[in-house]
Amino acid sequence: FVGECAKVGELAYCADACLRTVGFEVDQSGTEDWTLLVTRKGDGVQNFVGHTYLLDGDLQKSTYYEKRRAFSVSLPAGEYTVTFRGPESREDVWPRYVLEQWEGIPDCGGHANGADVTMAEPAFGPGEDGCGELVDGGDVESGYGRWMHRNYGELRLVEGGGVDGSTA
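The structure displayed is predicted, hence computed values, not measured ones.

### Considering the overall build of the protein
The number of helices and strands found in the protein is zero helices and eleven strands. Scanning the protein from its N terminus toward the C terminus, one meets helices and strands in the order β-β-β-β-β-β-β-β-β-β-β. Looking at the protein residue by residue over its 168 residues, the buried ones come to 27%. Long-range pairs, those at least 24 residues apart, make up 67% of the contacts in the protein between residues at least 6 apart in sequence. Approximately 11000 Å² of the protein is accessible, and the part contributed by carbon and sulfur atoms is 49%.

Next comes the structure, spelled out in C-alpha cells:
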C-alpha cells in the first residue's frame, strides 16, 4: 500500500511511509486456513494478510477460550475495506466475533485511523448467518458442529433427550 521500499532481509523498509497497525482477533476454532483481504477503496489495490496463532498443534492450550487468532496489517492514510476469506471457496466468510484493536498513534502524519477501515460482512442468504436462534446451533438437530467445547467435560448428542423428543 506504500510506494518504494527497500528489502532488508525478510522485512521491507519504506522511508517516507507513516503506518498505523490494526489487528483483528477472531475465535481460533475453524479459522486455521482463513486470510484477511484488505482492499484500498481509492484504487482497488488488494493485500492478503495471514494470521498469527501459535497453538494449532497444542491440543490442550488451543482449546482455551481466551486464545484468539490474530490478523494484523499496518496501513498508510487511505480508506480500506477488510473481509475474511475462507480456504476453499475464496469467498467472504464471517467469524463468530471480531475484536478490532488499533496500536498507538505514530509520531508522523499520513496514517490510517479507525474511521478509515470498514469491516465488510458477507451477504447471507436466509438462515445462513447463524443468528436465527438465541443460542448458535441451539437446536442441534443438524449436529453440534457449531458448538464450542472447551476445557473440561464432554459433549454428546442424545437422540430424543430434548423438549418434545428433540435431540439434546
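Here the narrative resumes, following the displayed structure.
### Topic: the pattern of salt bridges
Considering all chains together, one arrives at four salt bridges under this definition. A salt bridge links E25 to R68; its shortest N-O distance comes to 3.3 Å. Taken as a pair, E25 in strand β3 (residues 20-27) and R68 in strand β7 (residues 68-75) lie far apart in primary sequence, 43 residues in all. Classification of E25 by relative accessible area gives buried; the value is 18%. A residue is classified by how much of its surface remains accessible, and R68, at 35% relative accessible area, is partly exposed. Residues D43 and R40 are paired through a salt bridge, measuring 3.0 Å at the closest nitrogen-oxygen approach. Residue class for R40 comes out buried when judged on its relative accessible area of 16%.

### Concerning the sheet that holds strand β6 (residues 51-52)
With respect to topology, four strands assemble into an open sheet ordered β6-β7-β3-β10, the strand pairing being antiparallel. With partners counted over all chains shown, the strands left at the sheet margins are β6 and β10 (98-102), one partner each. The pairing of β3 with β7 spans eight bridges and is classified as antiparallel. Note on β7: the bridge partner recorded for V26 is R69.

### Considerations on the side chain of T39
For T39, the location among the structural elements is in strand β4 (residues 35-40). Its relative accessible area of 19% is what places T39 among the buried residues. Within the structure, the side chain of T39 is placed 3.4 Å from the side chain of Q46, a separation counted as a polar contact. Apart from residues no more than four positions distant in its own chain, T39 is found in contact with G44, V45, Q46, E79, Y80 and T81.

### A look at a nonpolar patch on the surface
On the surface, a cluster of nonpolar side chains totalling about 350 Å² of accessible area is made up of V8, L11 and Y13. Counting through the fold element by element, L11 comes out in strand β2 (residues 11-13).

Conventions and cut-offs
- Within every chain, residues take consecutive numbers counted from 1 along the sequence as written.
- A pLDDT threshold of at least 70 governs which residues receive local features in this predicted model, and a stricter bar of 80 or more applies before side-chain atom pairs are shown or counted, although totals over entire chains, interfaces and linings include all residues.
- Note that the side-chain values use all heavy atoms of the structure and ignore hydrogens as well as water.
- A run of H or I in DSSP counts as a helix once it spans at least four residues, and a run of E counts as a strand once it spans at least two, with each numbered from the N terminus.
- Partly exposed residues are those whose accessible area sits between 20% and 50% of the maximum for their type, while under 20% is buried and over 50% is exposed, using a 1.4 Å probe and protein chains only.
- Here, residues are in contact when the closest pair of their heavy atoms is within 4.5 Å.
- The method behind every accessible area is Shrake-Rupley, applied with a 1.4 Å probe, and residues are considered shielded solely by the protein chains displayed.
- In the sections that follow, a salt bridge refers to a side-chain nitrogen of Lys or Arg positioned within 4 Å of a carboxyl oxygen of Asp or Glu.
- Strand pairing requires that DSSP identify at least two bridges connecting the strands.
- Polar contact criterion, stated in full: a pair of N or O atoms within 3.5 Å, where within protein one must be able to donate a hydrogen and the other to accept it, and residues adjacent in sequence count only if both atoms are side-chain atoms.
- Distance thresholds for patches are 9 Å for like charges and 5 Å for nonpolar side chains (Val, Leu, Ile, Met, Phe, Trp, Tyr), applied to residues having over 30% relative accessible area and no salt bridge.

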